[in-house]
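Per-entry structural report
The chain contents come next:
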Amino acid sequence: MRKKIVAGNWKMNKLYSEAVELVDEITIMLKDDIKSDDIVKILIPSFPYLRKVARHSHGIKNLFTGAQNCAYEEGGAFTGEVSAAMIKSLGGTHIIIGHSERRSYFHETHEELKKKVNIVLGQSLTPIFCVGESQEKRHAKEHFSVVEKQISDSLFHLNAAEFGKVVLAYEPVWAIGTGLTATSQQAQEMHLFIRTLIDKKYGKETANSVSILYGGSCNAKNAAELFACPDVDGGLIGGASLVAKDFVTIIHSFPS
Ligand code: PEP
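So, here is what we can say about the structure in this document. Values in this document were obtained by computation on a predicted structure and should not be read as measured data.

**Description of the overall build of the protein**
- When you go through the protein residue by residue, the secondary structure sums to 12 helices and 8 strands.
- For the protein, whose C-alpha radius of gyration is 17 Å, the value lies close to the compact-globule estimate of 18 Å for 256 residues.
- The proportion of buried residues among the 256 residues of the protein is 51%.
- Taking the contacts inside the protein whose residues are at least 6 apart along the sequence as the reference set, 71% of them involve residues at least 24 apart.
- If you sum the accessible surface of the protein, you get close to 12000 Å²; carbon and sulfur atoms cover 54% of it.

**Description of helix α1 (residues 16–30)**
- Look at α1: 21 Å from first C-alpha to last across 15 residues, which is about the 21 Å you get at 1.5 Å a residue.
- When α1 is considered as a whole, its buried residues turn out to be Ala-19, Val-20, Leu-22, Val-23, Ile-26, Thr-27 and Leu-30. Buried residues of α1, viewed axially, fall in a sector of 160 degrees; they line one side. Away from the buried face of α1 by more than 90 degrees, exposed residues Ser-17 and Ile-28 are located.
- Along its buried surface, α1 packs onto β2 (40–44), α2 (50–57), β3 (63–67) and α12 (244–251).

**Let's talk about the site of the ligand**
- Around the ligand there are 14 residues in total, and Lys-11, His-99, Glu-171, Gly-177 and Ser-217 lie nearest to it.
- One nitrogen or oxygen atom from the main chain of Gly-238 is found 2.8 Å from an oxygen atom belonging to the ligand.
- For the shell around the ligand, a count of residues per class yields 4 nonpolar, 8 polar and 2 charged.

**Some thoughts on unusual backbone geometry**
- The residue Lys-11 is not glycine, and still its phi comes out positive at about 50 degrees.
- Its identity as a non-glycine residue notwithstanding, Asn-62 has a phi of 60 degrees, on the positive side.
- Looking at the secondary structure, you find Asn-62 in the loop between α2 and β3.

**Here's the deal with the packing of aromatic side chains**
- Counted under the stated rule, the structure contains 7 aromatic pairs.
- An angle of 50 degrees between the planes, with centres 6.0 Å apart, marks the rings of Phe-156 and Phe-163 as tilted. Note on accessibility: Phe-156 and Phe-163 belong to one class, buried.
- Note that Arg-102 overlies the ring of Phe-106, its terminal NZ or CZ placed 4.1 Å from the centroid.
- Seen from the ring of Tyr-202, Lys-201 lies directly overhead, with NZ or CZ sitting 5.9 Å from the centre.

**Some points on the pattern of salt bridges**
- Within the structure shown, the criterion is met by 12 salt bridges.
- Between Arg-102 and Glu-108 there is a salt bridge; the shortest N-O distance is 2.9 Å.
- Given a relative accessible area of 9%, Glu-108 falls into the buried group.
- For the salt bridge of Lys-137 with Glu-142, the shortest nitrogen-to-oxygen distance reads 3.2 Å.
- A relative accessible area of 33% places Lys-137 in the partly exposed class.
- A single salt-bridge network, built from bridges that share partners, covers Arg-2, Arg-195, Asp-231 and Asp-233.

**Remarks on the side chain of Asp-33**
- Mapped onto the fold, Asp-33 is located in the loop between α1 and β2.
- Buried charge without a salt bridge: Asp-33, with Lys-35 as the nearest opposite-charge side chain at an N-O distance of 4.9 Å.
- At a separation of 2.9 Å, a polar atom in the side chain of Asp-33 contacts the side chain of Ser-36.
- Reaching out from Asp-33, the side chain makes a polar contact with the side chain of His-252 at a distance of 2.7 Å.

Parameters and conventions
Residues numbered from 1 in each chain as written. Predicted model: local features only at pLDDT ≥ 70, side-chain atom pairs only at ≥ 80, totals over all residues. Heavy atoms only, no water. Helix = DSSP H or I, 4+ residues; strand = E, 2+ residues; numbered from the N terminus. Rg over C-alpha atoms; globule rule 2.2 N^0.38 Å. Buried < 20%, exposed > 50% of the residue type's maximum accessible area, 1.4 Å probe, protein only. Contact = heavy atoms within 4.5 Å. Areas by Shrake-Rupley, 256 points an atom, 1.4 Å probe, with all protein chains shown as cover. Expected span 1.5 Å × (residues − 1). Arc of directions from axis to C-beta. Near = heavy atom within 4 Å. Polar contact = N/O pair within 3.5 Å; in protein donor to acceptor, adjacent residues only side chain to side chain. Nonpolar A, V, L, I, M, F, W, Y, C, P; charged D, E, K, R; others polar. Phe/Tyr/Trp six-rings, centres within 6.5 Å; stacked < 30°, edge-to-face > 60°. Lys NZ or Arg CZ within 6 Å of the ring centre and 35° of its normal. Salt bridge = Lys/Arg side-chain N within 4 Å of Asp/Glu carboxyl O. Lys, Arg positive; Asp, Glu negative; His and termini not counted.

Remember that the coordinates give geometry; whether it matters functionally is a separate question.
Rendered as structure tokens:
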């Protein structure tokens, strides 16, 4: 069964005290919030705050902590890197892989992302694997082929059981942090395309069990319309996840 998921990518925002304040505000709101019990909620702070956020989230149903990236090696002489095992040891359960900011600013390749996915699954953690096209590629009507290549090059080596453990996030690059959101029609069209791709490779059971999130200027105002799309299983939220009230409103935006 597809899980409903809302993940907040805090990116490189918040000083420590502000991050603690944010997790406190969110957990206070979610504590007795029975209607969000079945929704998987993931807070994804910067590495230094991971342990604190994980501890503060403890005891709230389906509230998890994640990381924004990890190394593609298991460990050793890689100065400045953080391994999936380290993230796990701090209480992290999910790791974003292939965010467009990592792909563009840090030149992460399909091959490196493939290694990261393997490392994350090897630690029994959940990769949140991001895909999405640039504005240029959408204008050239190449958005489907871009997304297909991102998925096939970095994920299609997995067997069906492994693939079933991955969460996908469709994040059109032109919508991230720009205030430009994909229309619900554009989001549904791409999510259905991705699900069909999974179906062709792994079959219906896997295709119908993988959650595909939408990300890109999703906020408290537009989440309900996006989450109403049949193939949108939730959101990967950047800016709006930094405001507790907005993040919780997004969590409440699934159709009942
Ligand atoms: C993101 O960075 O994953 C994201 C979706 O950002 P924003 O919501 O700010 O567009």
